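Below, each chain spelled out in residue letters.
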Amino acid sequence: MNIGILGAGAFGTALAISLAGNGPVTLWARSHTQAAAMRLNRENAQHLPGVRLPDALSATSDVTHLADCDTLLLAVPMQQLRGFLNDHAQTLADRVLVACCKGIELDSGHGPIDVMDSALAHRRNTLLTGPSFAHDIARGLPTALTLASADDDLGRILQQGLTTANLRLYRTTDVTGAQLGGALKNVMAIACGAVIGAGLGDSARAALMTRGNAEMQRMAIALGARAETLAGLSGLGDLVLTCTSDQSRNYRLGLSLGRGESFDPTVTVEGAATARAVAARCVDWNLDMPITNAVVAMLDNDLTIHDAMAQLLARPLKEE
Ligand SMILES: NC(=O)C1=CN([C@@H]2O[C@H](COP(=O)(O)OP(=O)(O)OC[C@H]3O[C@@H](n4cnc5c(N)ncnc54)[C@H](O)[C@@H]3O)[C@@H](O)[C@H]2O)C=CC1
Ligand SMILES: O=C(CO)COP(=O)(O)O
């Protein structure tokens, strides 16, 4: 497998570092300056400082250097994915594509594979998702991820080719479940960060994670996912990681909301747009998504975390 990775942020770079242990990998950055600095300094100083880029990793900003790559990993943020696909349709044509982003597109309500399926003519579109912080992967720490492909034969090939010394891949054909698990856990991480930031305690966080998991399952199953996918790495696994670690940017945004502090708007926080994308559609989908709606209200400054918790606690009592 000849692998190229497009998007030289934290995640794309971390995956490139790990995959370079298997053989040559090309990492494409849209910025000439960034690619040149990575070649010169053997470091992605902007997104992954302090980690040496291995010799088997070639950094470039020239898409023609991807000509020999049969498999392309796309590591750009979710809301940029469609524009990126349109800009690079020629480069991406006839390759196996692996989206590495997590989220739901605001304009369409679609996840990464759905966006690729609608934007590109071909259908070899897959997704790599699951609990993994870029810094952990880049430092060679053990990580398990989910490779989602509707075509199981393709899934097996990718599972084999993208497994590395520290990345263990499981696979699923439930692309809907994998997309939604990875997207929705970020919304729950914002909520959990807000609870901890406001000093509401670990018990409240455990309640939110569990009810958040129920909310994720409800939506995913309504949209055709399998319940076991949501109980796997791409759902529960990533929910646990992201709701409990301040390595997570979504969780850190939540912490800031809970503390009444500002948050750097240039940081990639996928859960904010995803929460809005879901909240805008959950009435049409006939879905009860109280935590997601509370997150949107907090992001819009319509609710404090204390009011949001009071509202959630005051909901009608029900069976678990
Ligand atoms: N950082 C992490 O630990 C993990 C991130 N992810 C997912 O990976 C995706 C990317 O996140 P990060 O790499 O962390 O973000 P980042 O903020 O570190 O980097 C994003 C990169 O995308 C590039 N980019 C943005 N728009 C582009 C465009 N139109 N064309 C070309 N390049 C473009 C930026 O220049 C930047 O290099 C997100 O969906 C995130 O949820 C998934 C698992 C772990
Ligand atoms: O997806 C991630 C961990 O699996 C990364 O989380 P953040 O985007 O919140 O940093």
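Quick caveat: nothing in here was measured; it's all calculated off a predicted structure.

Taken together, the neighbourhood of ligand 2 is formed by Lys102, Gly130, Pro131, Ser132, Phe133, Lys185, Asp238, Leu241, Thr242, Ser248, Arg249 and Asn250. Here an oxygen atom of ligand 2 and a side-chain polar atom of lysine 102 are 2.7 Å apart. One nitrogen or oxygen atom from the main chain of arginine 249 is found 2.9 Å from an oxygen atom belonging to ligand 2. Notes on ligand 2: free accessible area 300 Å², of which the protein chains cover 92%. Of all the secondary structure elements, the ones that give two or more residues to the shell around ligand 2 are helix H11 (233–244) and helix H12 (249–259). A per-element tally of the shell around ligand 2 places H11 first, with three residues. Here the shell around ligand 2 is built from residues that sort into three nonpolar, five polar and four charged. Counting only domains with at least three residues in the shell around ligand 2, you end up with domain 1 (3–176) and domain 2 (183–314).

Pairs can form between side chains of opposite charge whenever their charged atoms are close. Within this structure, the stated rule accounts for 11 salt bridges. In this structure, aspartate 238 and lysine 102 form a salt bridge, with 2.6 Å as the shortest nitrogen-oxygen distance. One end of the pair, aspartate 238, is in helix H11; the other, lysine 102, is in the loop between strand S5 (96–99) and helix H5 (112–119), with 136 residues separating them in the sequence. Taking the relative accessible area as the measure of exposure, lysine 102 reaches 13% and is therefore buried. One network of salt bridges, in which partners are shared, links Lys102, Lys185 and Asp238.

In this structure, glutamate 270 sits in helix H13 (residues 270–279). Although buried, glutamate 270 forms no salt bridge, and the nearest oppositely charged side chain, arginine 249, lies 6.9 Å from it. Non-local contacts of glutamate 270, meaning those with residues more than four positions away in its chain, are made with Pro77, Met78, Gln79, Cys101, Lys102, Asn186 and Asn250.

Turning to the environment of methionine 38, a few remarks are in order. Considering the arrangement of structural elements, one finds methionine 38 in helix H2 (residues 32–41). A relative accessible area of 1% places methionine 38 in the buried class. Leaving out residues up to four positions away in the same chain, methionine 38 has contacts with Ala8, Leu27, Ala29, Glu43, Asn44, Leu53 and Ala59.

Ligand 1 sits among 20 residues. The nearest are Ala10, Ala134, Arg249, Thr268 and Glu270. Between arginine 30 and ligand 1, the recorded distance is 3.3 Å, taken from a side-chain N or O atom to an oxygen atom. Within the contact set of ligand 1, an oxygen atom lies 2.5 Å away from a side-chain nitrogen or oxygen of threonine 268. Burial of ligand 1 by the surrounding chains reaches 88%, relative to a free accessible area of 820 Å². In terms of residue class, the shell around ligand 1 is built from 11 nonpolar, five polar and four charged. Residues from two domains meet in the shell around ligand 1; each of domain 1 (3–176) and domain 2 (183–314) gives at least three.

Cut-offs used in this document
Residues numbered from 1 in each chain as written. Chains lettered and ligands numbered in written order. Predicted model: local features only at pLDDT ≥ 70, side-chain atom pairs only at ≥ 80, totals over all residues. Heavy atoms only, no water. Near = heavy atom within 4 Å. Polar contact = N/O pair within 3.5 Å; in protein donor to acceptor, adjacent residues only side chain to side chain. Areas by Shrake-Rupley, 256 points an atom, 1.4 Å probe, with all protein chains shown as cover. Helix = DSSP H or I, 4+ residues; strand = E, 2+ residues; numbered from the N terminus. Nonpolar A, V, L, I, M, F, W, Y, C, P; charged D, E, K, R; others polar. Domains from an automatic or database assignment. Salt bridge = Lys/Arg side-chain N within 4 Å of Asp/Glu carboxyl O. Buried < 20%, exposed > 50% of the residue type's maximum accessible area, 1.4 Å probe, protein only. Lys, Arg positive; Asp, Glu negative; His and termini not counted. Contact = heavy atoms within 4.5 Å.

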